[in-house]
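Letter by letter, the chains look like this.
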Amino acid sequence: MIVYADNAATTKIDKQVLDAMMPFLTTAYGNPGSIHQKGREAFLAVDSARSKVASAINANPSEIYFTGDGTEADNWAIKGVAHKYSKKGKHIISSSIEHHAVLHSLKALEKEGYEVTYLPVDKKGFISVSQLEEAVRPDTILITIMFANNETGVVEPIKEIGTVAKKHNVIFHTDAVQAVGHIPVDVKEMNIDLLSISAHKFNAPKGVGALYMRKGIYLPPFLDGGQQEGGRRAGTENVASIVGMGAAIETAIKEMPKRSEKVRMLRDRLWKGLTEKIPHNIVNTPEKNNLPGIFNISSKYVEGEALLLSLDLKGICASSGSACTSGSLDPSHVLLSIGLTHEVAHGSVRFSLDHNNTEEEIDYIIEVFPEIVAKLRDMSPLWEKVDK
Ligand SMILES: *Cc1c(COP(=O)(O)O)cnc(C)c1O
């Protein structure tokens, strides 16, 4: 049995998404920039996908720019605002739990002389809106705070952050890669100026994303070249993947109540099962304001990598943090930010579910995982002391 519980890393393409893409990988191969009928066919397909992405977040189609992925959308938003508004100031506000696509973009800007305030989070992973407001200065040009975290599943108070940004006339970008298609996102109601999306986190293919850019904010092109995407994102459109993204987001929005109820039910079953069966655990996912599918748990006195390998041998795919940090010995910056020690952070596992998971799979994890923890603890000299 293979149990895929790593949907925050990437998801399986839905069947109807692949079906929607197939014509554009076979017969409908035109370039959307060509004026003949093959070109028009592709252009209309990209246009229709743009409308679907826009309507999913309550934006206008003209405010959606397709990108190569979520990482590109984050880079474009952050570096674009920094470079365009550097005359107004060079101060940016972010948080300590951002994805590396955001953190490393900010690090690059710091090398150029920008100053970044990284807001801390509390033990549950939430930023403080009053602390955010205190951090705003006359030279603040951007607030970039993620919608929902990929490791713990915490959902930040986005509408309140948007209100602060608007009040102080600061541009607000949010990395909504984990949120879009999973929980309601409304750029107008939440006062969001820029928002990053990635298709492969909601059952569409990898290698395509989008940046929502509110009308009135015109960032310079991130790639120079042809006139695609209104001259702002050059390069021939990835037509099939863009079509897949449109199909997937349309389904995700339509099915959201049903899917999120199922996923939440499965996740809560996992939560209850594991916390009951594993002594000395710490749950890193907040009980309220969380993504429906993520559950992050630390088992003290064990090594996350060993846990993952043992899980893998049992056919269970999970993650010890974000895919980007595996392979490195540093514990996750997110888990350290919520106050875990290095040792405890090292014993953390993230399970992330989607609508393809079943109750049987959850029960299998509940059966197998506590046994693995117990076995590894039996081999640990630290555990021997605790056990006595
Ligand atoms: C996956 C992810 C990204 C990166 O998206 P890619 O399309 O894989 O480049 C950015 N931010 C968050 C929160 C993510 O989970």
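Reference entry: report on the structure contained in this document. Since the model is a prediction, treat every value here as computed from it, not as a measurement. (Residues numbered from 1 in each chain as written. Predicted model: local features only at pLDDT ≥ 70, side-chain atom pairs only at ≥ 80, totals over all residues. Heavy atoms only, no water.)

Here the focus is the nonpolar core. Within the largest apolar cluster, 70 residues are counted, with the highest numbers of intra-cluster contacts made by Ile57, Ile143, Phe147 and Leu195. Counting residues per element, this core draws most heavily on helix α7 (residues 239-277), which supplies eight residues. In this structure, this core is formed jointly by two domains, domain 1 (3-10 + 256-387) and domain 2 (15-254), each of which donates at least three residues. Not counting chain neighbours up to four residues away, the residues in contact with isoleucine 57 comprise Ile64, Val180, Val185, Asp186, Val187, Leu195, Ile197 and Tyr212. (Core = buried A, V, L, I, M, F, W, Y, C linked by side-chain atoms within 4.5 Å. Buried < 20%, exposed > 50% of the residue type's maximum accessible area, 1.4 Å probe, protein only. Helix = DSSP H or I, 4+ residues; strand = E, 2+ residues; numbered from the N terminus. Domains from an automatic or database assignment. Contact = heavy atoms within 4.5 Å.)

So, about the site of the ligand. Around the ligand sit 13 residues in total, of which Thr71, Asp175, Gln178, Ser198 and Lys201 are the nearest. One nitrogen or oxygen atom from the main chain of glycine 70 is found 2.8 Å from an oxygen atom belonging to the ligand. Aspartate 175 places a polar side-chain atom, nitrogen or oxygen, 2.6 Å from a nitrogen atom of the ligand. Here the ligand loses 90% of its free accessible area of 380 Å² to cover by the protein chains. By residue number, the principal contributor to the shell around the ligand is helix α3 (residues 70-84), which donates three residues. Class assignment of the residues belonging to the shell around the ligand gives a composition of two nonpolar, seven polar and four charged. (Near = heavy atom within 4 Å. Polar contact = N/O pair within 3.5 Å; in protein donor to acceptor, adjacent residues only side chain to side chain. Areas by Shrake-Rupley, 256 points an atom, 1.4 Å probe, with all protein chains shown as cover. Nonpolar A, V, L, I, M, F, W, Y, C, P; charged D, E, K, R; others polar.)

This paragraph deals with the sheet that holds strand β10 (residues 294-299). Within a sheet, each strand pairs with its neighbour through backbone hydrogen bonds, oriented either parallel or antiparallel. The three strands lie next to each other as β9-β10-β12, forming an open sheet whose pairing is antiparallel. Among the strands making up the open sheet, the edge pair consists of β9 (281-283) and β12 (348-352). Direction aside, neighbouring strands of the sheet carry axes that sit 25° apart on average. As paired strands, β10 and β12 are joined by five bridges and run antiparallel to one another. Bridging across to β12, isoleucine 294 finds its partner in serine 352. (Pairing = 2+ DSSP bridges. Axes fitted to C-alpha atoms, helices over the stretch in contact; angles between N-to-C directions.)

Moving on, we get to the pattern of salt bridges. Here the structure, examined in full by the defined rule, presents 18 salt bridges. The partner of glutamate 189 in a salt bridge is lysine 159, with the nearest N and O atoms 3.5 Å apart. Taken together, the residues glutamate 189 in the loop between β6 (171-175) and β7 (194-198) and lysine 159 in helix α6 (residues 158-167) connect sequence positions 30 residues apart. The shortest N-O distance in the salt bridge between lysine 272 and glutamate 276 comes to 3.3 Å. Of this pair, lysine 272 and glutamate 276 both sit in helix α7, separated by four residues, roughly a single helical turn. On the basis of relative accessible area, glutamate 276 is assigned to the exposed category, the value being 59%. (Salt bridge = Lys/Arg side-chain N within 4 Å of Asp/Glu carboxyl O.)

By secondary structure assignment, the location of serine 94 is in strand β3 (residues 91-95). For serine 94, a relative accessible area of 0% translates into the label buried. Sequence-distant contacts of serine 94, defined by excluding residues within four places in its chain, comprise Val102, Leu106, Val116, Thr117, Tyr118, Leu119, Thr144 and Ile145.

Remember, this is a structural readout, not a statement about activity or role.
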